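Observations on chain architecture
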Amino acid sequence: MSNASLGTALVTGASSGIGATYADRLAKRGYDLVLVARDAARLQALADRLAKETGVKVSVLPADLTDRADVRIVEKRLREDADISLLVNNAGIGPKGTLVEDDIDYLETMIELNVVAANRLAVAAAQAFAERGRGAIVNIASVVAYIPERFNGTYSATKAFVLNLTQAIHSEVAEKGVKVQAVMPGLTRTEIFERVGRSFDQMPPSMVMDVNDMVDAALAGFDQGELVTIPSLPDSADLDAATAARFALGPNLSHNKPAARYGVANAG
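Okay, so let's go over this structure.

About the thresholds
- Residues numbered from 1 in each chain as written.
- Predicted model: local features only at pLDDT ≥ 70, side-chain atom pairs only at ≥ 80, totals over all residues.
- Heavy atoms only, no water.
- Phe/Tyr/Trp six-rings, centres within 6.5 Å; stacked < 30°, edge-to-face > 60°.
- Lys NZ or Arg CZ within 6 Å of the ring centre and 35° of its normal.
- Pairing = 2+ DSSP bridges.
- Helix = DSSP H or I, 4+ residues; strand = E, 2+ residues; numbered from the N terminus.
- Contact = heavy atoms within 4.5 Å.
- Axes fitted to C-alpha atoms, helices over the stretch in contact; angles between N-to-C directions.
- Buried < 20%, exposed > 50% of the residue type's maximum accessible area, 1.4 Å probe, protein only.
- Right-handed = clockwise from strand over helix to strand, strands pointing away.
- Expected span 1.5 Å × (residues − 1).
- Arc of directions from axis to C-beta.
- Polar contact = N/O pair within 3.5 Å; in protein donor to acceptor, adjacent residues only side chain to side chain.

A short note on the packing of aromatic side chains
In total, this model carries one aromatic pair according to the counting rule given. Here the aromatic rings of Phe151 and Tyr155 are separated by 5.6 Å at their centres, their planes lie at 55 degrees, and the arrangement is tilted. Over the aromatic face of Phe247 sits the side chain of Arg246, whose NZ or CZ is 4.8 Å from the ring centroid.

Quick look at the sheet that holds strand β1 (residues 8–12)
Read from one edge of the open sheet, seven strands run β3-β2-β1-β4-β5-β6-β9, paired in parallel fashion. Edge positions in the sheet fall to β3 (58–62) and β9 (228–229), since each of these pairs with one other strand and no more. In this sheet, strand β5 (residues 135–140) lies alongside strand β4 (residues 84–89) in parallel orientation, the contact comprising four bridges. Its bridge partner being in β5, Leu87 is matched across the sheet by Ile137. Lying on the sheet, helix α3 (residues 68–80) is in contact with β1, β2 (32–37), β3 and β4; it crosses β3 at an angle near 145 degrees.

A few points about the pairing of strand β6 (residues 178–183)
Along β6, five of the six residues are buried, which leaves the element largely enclosed by surrounding structure. Across six bridges, β5 lies against β6 in parallel orientation. Each residue of the ladder has a partner; that of Val138, found in β6, is Gln181. Crossover connection from β5 via helix α5 (residues 153–173) to parallel β6: handedness right-handed. With two bridges joining them, β6 and β9 adopt parallel strand pairing. When the sheet's bridge partners are listed, Ala182 is paired in β9 with Val228.

What about helix α7 (residues 211–223)?
Under the 1.5 Å per step criterion, the end-to-end length of α7 is 18 Å for 13 residues, consistent within 8% with the ideal 18 Å. Among the residues of α7, Val211, Met214, Val215, Ala218, Leu219, Gly221 and Phe222 are the ones counted as buried. Across the axial projection of α7, the buried residues extend over an arc of 155 degrees, all falling on one side. In this structure, the buried residues of α7 make contact with α1 (17–29), β5, β6, β7 (188–189), β8 (209–210) and β9. With a side-chain oxygen positioned 2.8 Å from the backbone nitrogen of Asn212, the residue opening α7 is Asp210. Of the residues trailing α7, Gly225 is marked for its positive phi of about 80 degrees.

Limitation: the analysis is restricted to geometry and does not speak to function.
Right, dumping it as structure tokens:
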């Protein structure tokens, strides 16, 4: 049955893949759900199944998050529905090929969904949850944020945006009772590749994670209070070291003169 103490989770991109898997897991934990995606029929079928199997309340909110008017409808729900305690900001699309091969209009649509919509919903949730003094935001990014040289540049840039946004939001809301997590999947077996005419059969099987395993690991990271969760990373010390190295740059990122190594006159 529904667990009122958990509240309601709003999941975007919920009709398939990572979003649908999150919806399943969260319903089994006792969250009521608001499911957001373009495919209303598929969304309703998932909602009916989860309500029947788990007893939680499931509502659907069909929306195309590349349409800014639809994004604002979802934003309004986040801001006005005080029962919403968790946003899973998952909706996104992947590249069709390399940057120089891809269609630039498609890449712009990718930015609209992966960046503009993701940003607006994450910020709206952060503002609403901070005011309520409770809530959590899970932003689905990607490991390509760390290795942009190995993937489509626009896609990796959108995921770097999501990672940076998550870290920045955390710094503002952690003391206001709001929990934030960036999930960084590697290759995950979902429909995202098939939708752009590609196949996981082209990838080494050892690199492709089952979506159920990925979401279960991400939720374990959430339960452990991780800010950044990389489901495939064997040793969290590696991420800690990378974060420490990034912070070590801080004191020297902004000075009133160029570094002496550039040989600029009067620098020092």
